There are 2 protein chains.
Amino acid sequence: MSPSKELVDFLNSGHLYMPGISIDCVIFGFHDRQLKVLVLQFKSTDGYALPGGFIRKEEHIDDAARRILEERTGLKEIYLEQFHVFGDSERGRDDTHRKFSRANGIELEADHWLLQRFLSIGYYALVDFSRAMPTPDVFSDTCQWYDLAGLPDLILDHNRIVQQALETLRLMLDNKLVGFNLLPETFTMNELQALYETILDKPLLRANFQRKMLSLEILERLEKKWTGKAHKAPYLYRFQDRH
Amino acid sequence: MSPSKELVDFLNSGHLYMPGISIDCVIFGFHDRQLKVLVLQFKSTDGYALPGGFIRKEEHIDDAARRILEERTGLKEIYLEQFHVFGDSERGRDDTHRKFSRANGIELEADHWLLQRFLSIGYYALVDFSRAMPTPDVFSDTCQWYDLAGLPDLILDHNRIVQQALETLRLMLDNKLVGFNLLPETFTMNELQALYETILDKPLLRANFQRKMLSLEILERLEKKWTGKAHKAPYLYRFQDRH
DNA sequence: TCCTTAAAGTATGAATATGCAACTAAAAGT
DNA sequence: ACTTTTAGTTGCATATTCATACTTTAAGGA
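Given the structure is predicted, the values throughout are model-derived calculations rather than measurements.

Novice: Account for the interface of chain A and chain B, with residues named and values stated.
Specialist: Bring the parts together and some accessible area is lost; that lost area is often taken as the interface size. Contact with chain A, which involves 24 residues of that partner, is made by 24 residues of chain B. Here chain A meets chain B over a buried area of about 1,800 Å², counting both sides, of which 57% is carbon and sulfur. Applying the counting criterion to the chain A and chain B interface returns zero salt bridges. Here chain A is connected to chain B by twelve residue pairs in polar contact (both at pLDDT 80 or more). Contributions of two or more residues to the side of chain A that touches chain B are made by strand 1 (17-31), strand 4 (52-56), strand 5 (79-86), strand 6 (119-126) and helix 4 (158-175) of chain A. Considering every element that reaches the side of chain A that touches chain B, the biggest residue donor is strand 1 of chain A, with four residues.

Listed below in structure tokens is the structure:
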């Protein structure tokens, strides 16, 4: 098979980026009471990977992460935070990139920039599942949501990166009230509770959850949402201060 | 003035390290009811800086941080954690290193590795003040403890790095009980309380603090400490599970 | 129309944690 | 022995959280 122009261009673009450093993004979404993560599937091989990329020579690292995120989801203004640097001494020096390139018709030189050791800065992002438009990158055939529990084996240490992102998310959930970024503009109290229960992986008492959330005085109660179901209609709420 | 051999060797050692990445360490100590930070003073200029260094090509980033820490304090087995990557796009591209080298008799080439953009991984460390042996590095005349409140102006964004390390420390204090790493092996309840009050920058009620700490069941009560003062002798305690 | 069902919203008492103040203990000086 | 001073403890009021029960309301059906 002959390599695509996009791939060749990318493999020749090492001089644009800071050497030895990459960014990997754990992009969380929430749907059907499940926490989801965006995962790419490589072309021609069966490798799965987190969305990632490199830092341009003159680019703030947060801007690099935002750029990667926008490319994969179509969304600007995403809630985004770095959480850890992964710095194993052999990180990136396995044959992941070599095998991928070979499968796509390119043999990488031994000193190719993609074959060097890479640190990776882990970012986690929280997006409104209903607004994200998953879009594959130059390496990938697909860009899809996976249930956190049903993640495939990912390349390198990407499974560990997801785990650590999740731990950070749990720590931040009450601390900084980041959870709202995973929901649409308006939501019911039940949806919010389901989000918390999913992330924390434990059931919460409805009455107490409601009281706690309302006591924070960050929720604006809107009109009711008639669902057509045979029971009292829930209120819709809006978070008063996103991010 | 003619440059020292050590400095010349260091300036020629760029090929040993990962390019574009450094480590900066905020080393906290506690003494006289004050939180202290280790700060270096540059030779021949009046620049102050955090202890820092670079990552060897085959070295885990945590090992690099531990190496830097051991060089500055003489201590192994230090409590150490990365907390943030500082990645401004122009970071490192000011004239700090050029001025320093010039003052020490070396004119750096425009493309010298020290004049490139650098990301920096911030680590904070908690050490037992009484055991640390502050030791300057090749750039520095002195390596000294400074009260957090009395820090001098530091180079680059190092003052901001200290601020962010302090915020992280405050977050972690109860969360992971890291505070004990700032105290000697044994300590009185009063010393522990003073530590907490200093870090959190607020007074705590003695009775409540004691009850809370004891209820955690992580303190082992040892014999009493006779101070020679005209009052009841306090107990000494030991933390049961360092780190 | 009115009763039933189911989920939303609210209220209440118990358990636990925290804030505040007082009390007892003990080491050393007078 | 009495005082001073700090350590350690105790009791109680208040606040927060936990667990459960009660009330409300939209829609379906007798």
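Read on, since the account is not over.
Novice: Explain the environment of Ala 194 of chain B to me, using residue names and the numbers behind them.
Specialist: Residues and elements named next belong to chain B. Within the fold, Ala 194 resides in helix 5 (residues 189-200). With relative accessibility at 4%, the residue Ala 194 sits in the buried group. Note: C-alpha distance between Ala 194 and Ser 89 (105 residues apart in sequence) is 40 Å. In contact with Ala 194, other than residues within four places in its own chain, are Phe 30 and Arg 33.

Novice: Give me the lowdown on the protein's contact with DNA strand C, citing residues and values where you can.
Specialist: Residues in close proximity to DNA strand C total 25 residues, the closest being Asn 190, Arg 206 and Tyr 235 of chain A together with Trp 226 and Ala 230 of chain B. In the interface set of DNA strand C, defined as its atoms within 4 Å of the protein, sugar plus phosphate atoms amount to 56%. At a separation of 2.3 Å, a phosphate oxygen of DNA strand C approaches a polar side-chain atom of Asn 190 of chain A. Tyr 235 of chain A places a main-chain nitrogen or oxygen 2.7 Å from a phosphate oxygen of DNA strand C. Only helix 5 (189-200) and helix 6 (206-215) of chain A together with helix 6 (206-215) of chain B provide two or more residues apiece to the surface near DNA strand C. Within the surface near DNA strand C, the residues separate by chemical class into ten nonpolar, six polar and nine charged.

What counts and what doesn't
Residues numbered from 1 in each chain as written. Chains lettered and ligands numbered in written order. Predicted model: local features only at pLDDT ≥ 70, side-chain atom pairs only at ≥ 80, totals over all residues. Heavy atoms only, no water. Contact = heavy atoms within 4.5 Å. Buried area = accessible area lost by both parts, 1.4 Å probe. Salt bridge = Lys/Arg side-chain N within 4 Å of Asp/Glu carboxyl O. Polar contact = N/O pair within 3.5 Å; in protein donor to acceptor, adjacent residues only side chain to side chain. Helix = DSSP H or I, 4+ residues; strand = E, 2+ residues; numbered from the N terminus. Buried < 20%, exposed > 50% of the residue type's maximum accessible area, 1.4 Å probe, protein only. Near = heavy atom within 4 Å. Nonpolar A, V, L, I, M, F, W, Y, C, P; charged D, E, K, R; others polar.

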